[in-house]
Amino acid sequence: MNGETIDPGRCFGVFGDPVAHSRSPEMHNAAFAALGLPHRYFAFHVRPHALANALSGARAMGVGGVNLTVPHKRAAVAHMDRLTAEAGRIGAVNTVVIRRGEMIGHNTDGSGFLDALAELDGGTPRRALVLGGGGAARSVVDALRHGEKPSDVIWISREPNRLPAFDGVARVDYGDLAEAFATCDLLVNGTTVGMRGGPERFPITLPIASLRKGVRVIDLVYPRPADGLLDQAEAKGARGQDGLPTLLWQGVRALEMWLAIALPASVVSTMRRALHR
Ligand SMILES: NC(=O)c1ccc[n+]([C@@H]2O[C@H](COP(=O)([O-])OP(=O)(O)OC[C@H]3O[C@@H](n4cnc5c(N)ncnc54)[C@H](OP(=O)(O)O)[C@@H]3O)[C@@H](O)[C@H]2O)c1
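Because the structure is a prediction, the values reported are computed rather than measured. (Residues numbered from 1 in each chain as written. Predicted model: local features only at pLDDT ≥ 70, side-chain atom pairs only at ≥ 80, totals over all residues. Heavy atoms only, no water.)

Caption draft 1: Structural detail: the domain arrangement of the protein. The domain architecture assigned to the protein consists of domain 1 (8-107 + 245-276) and domain 2 (111-241). Averaged C-alpha coordinates put domain 1 and domain 2 at centres separated by 25 Å. Residue-level contacts link 13 residues of domain 1 with 15 residues of domain 2. Between domain 1 and domain 2 lies a buried interface of about 1,400 Å² when both sides are counted; carbon and sulfur atoms form 55% of it. Taken together, domain 1 and domain 2 are joined by three salt bridges. Joining domain 1 to domain 2, the criterion identifies five residue pairs in polar contact (both at pLDDT 80 or more). Elements represented by at least two residues in the side of domain 1 that touches domain 2 include exactly α3 (85-90) and α8 (244-259). Looking at the side of domain 1 that touches domain 2, the element that brings in the most residues is α8, giving six residues. Taken together, the residues of the side of domain 1 that touches domain 2 sort by class into four nonpolar, three polar and six charged. (Domains from an automatic or database assignment. Contact = heavy atoms within 4.5 Å. Buried area = accessible area lost by both parts, 1.4 Å probe. Salt bridge = Lys/Arg side-chain N within 4 Å of Asp/Glu carboxyl O. Polar contact = N/O pair within 3.5 Å; in protein donor to acceptor, adjacent residues only side chain to side chain. Helix = DSSP H or I, 4+ residues; strand = E, 2+ residues; numbered from the N terminus. Nonpolar A, V, L, I, M, F, W, Y, C, P; charged D, E, K, R; others polar.)

Caption draft 2: Here's a closer look at the sheet that holds strand β1 (residues 11-16). Spatially, β2-β1-β3-β5-β6-β4 is the arrangement adopted by the six strands of the open sheet, whose pairing is mixed. The sheet terminates laterally at β2 (40-45) and β4 (82-83), the two strands that pair on one side only. Pairing of strand β3 (residues 65-68) with strand β5 (residues 95-99) involves three bridges; the strand directions are antiparallel. Across the sheet, residue Gly65 finds its bridge partner in β5, namely Val97. Sheet strands touched by helix α1 (residues 24-35): β1, β2 and β3. Its angle to β2, the strand with the most contacts, is close to 165°. On top of the sheet, helix α2 (residues 51-61) reaches β1, β3, β5 and β6 (102-106); it is set at about 175° to β1, its chief contact. (Pairing = 2+ DSSP bridges. Axes fitted to C-alpha atoms, helices over the stretch in contact; angles between N-to-C directions.)

Caption draft 3: Spotlight on the site of the ligand. Inspection of the region around the ligand gives 24 residues, with Ala136, Ser157, Arg158, Met195 and Gly243 positioned closest. At a separation of 3.0 Å, an oxygen atom of the ligand approaches a polar backbone atom of Gly133. Ala136 places a main-chain nitrogen or oxygen 2.7 Å from an oxygen atom of the ligand. Coverage of the ligand by the protein amounts to 82% of the 910 Å² it exposes when considered alone. For the shell around the ligand, the secondary-structure elements that each account for two or more residues are α5 (135-146) and α8. Split into classes, the residues belonging to the shell around the ligand amount to 11 nonpolar, 10 polar and three charged. Shared between two domains, the shell around the ligand takes at least three residues from each, and those domains are domain 1 (8-107 + 245-276) and domain 2 (111-241). (Near = heavy atom within 4 Å. Areas by Shrake-Rupley, 256 points an atom, 1.4 Å probe, with all protein chains shown as cover.)

Caption draft 4: Region of interest: the side chain of Asp109. Structurally, Asp109 is set in helix α4 (residues 109-118). When its relative accessible area of 11% is taken as the criterion, Asp109 is described as buried. Leaving out residues up to four positions away in the same chain, Asp109 has contacts with Lys73, Asn94, Ser139, Thr246 and Gln250. (Buried < 20%, exposed > 50% of the residue type's maximum accessible area, 1.4 Å probe, protein only.)

Caption draft 5: View of unusual backbone geometry. Cis geometry marks the peptide bond from Asp17 to Pro18; its omega dihedral reads 5°. As for its placement among the helices and strands, Pro18 is situated in the loop between β1 and α1. With an omega of 5°, the peptide bond between Val70 and Pro71 qualifies as cis. When you line up the elements, Pro71 lands in the loop between β3 and β4. Phi at Arg100 is positive, roughly 45°, even though this residue is not glycine. Take Arg100: it is sitting in the loop between β5 and β6. Since its relative accessible area comes to 83%, Arg100 is described here as exposed. Its identity is not glycine, yet Asp121 carries a phi of approximately 60°, on the positive side. Assignment of secondary structure puts Asp121 in the loop between α4 and β7 (127-131).

Caption draft 6: Seen up close, the pattern of salt bridges. All told, the structure shown has 12 salt bridges when counted by the stated rule. Arg224 serves as the salt-bridge partner of Glu234, at 2.8 Å between the closest nitrogen and oxygen. Here Glu234, found in helix α7 (residues 229-235), pairs with Arg224, found in the loop between β11 (216-219) and α7; they are 10 residues apart in sequence, far enough to count as distant. For Glu234, a relative accessible area of 32% corresponds to the partly exposed category.

Structure follows, in structure tokens:
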């Protein structure tokens, strides 16, 4: 890197705390190389108190674009000049597009999740069960309610009264999950349970045995934890998916906005391979 100069408009990155575990640099840098672009993507360790200045700096320099990860997605909302409809409803920003000094806050986690869900086949879920009340779970609930055919959603949180009210969404706690487990055709873990350094267990033992055979189970956590929710659900006949396909597709959506192009399928494959290295 010694002596290297970069045009800020070709510089992209993710702000997070912690951020060292992020797979986004590998994924986006693989895409830039495949597209023959000199652009670069970096992981920036930005602590919560520094978020406002880091975003102002990105705007002042005219960097190409920024992603936000834990814990900045919700706090970033207040620093945007404009929000897309999704980001406004969810109350969280994961992708910032900077155009002529204006910062526009997007949320591609929900659309990325729907793209990943489509890889599992089975069409629009009739009844989805979503665990967790944080930013990732909110994006998933919003996406499931705003698709062409909205799903009925049961949203599980340790504190359901703190969740925003969405039409078609029942907010419940972990008290009585057996019936919901037995009737859902999609289960999504949007909690930090199983994440490296995160909590190891849910408030109750999940009634995995009541899941129907063939039910789709998506655990947004990556890397996939050993002996976690997916292993248990797959042992009961579920079709599981870890968090990497959602990570891939939210990144594809972000990159397409930053570069204002549709990514060729070959570049998406390159990004996917980079995530599995
Ligand atoms: N694959 C992807 O592209 C992708 C994208 C975004 C996030 N993620 C992953 O998804 C996970 C959540 O991210 P986030 O941004 O939503 O984090 P977050 O805003 O911190 O929310 C995490 C939620 O987990 C729940 N939780 C925490 N400890 C728990 C416990 N012991 N038992 C049950 N629930 C617990 C809490 O919900 P309640 O308090 O409401 O119960 C909390 O709001 C992380 O592992 C993140 O890496 C993946």
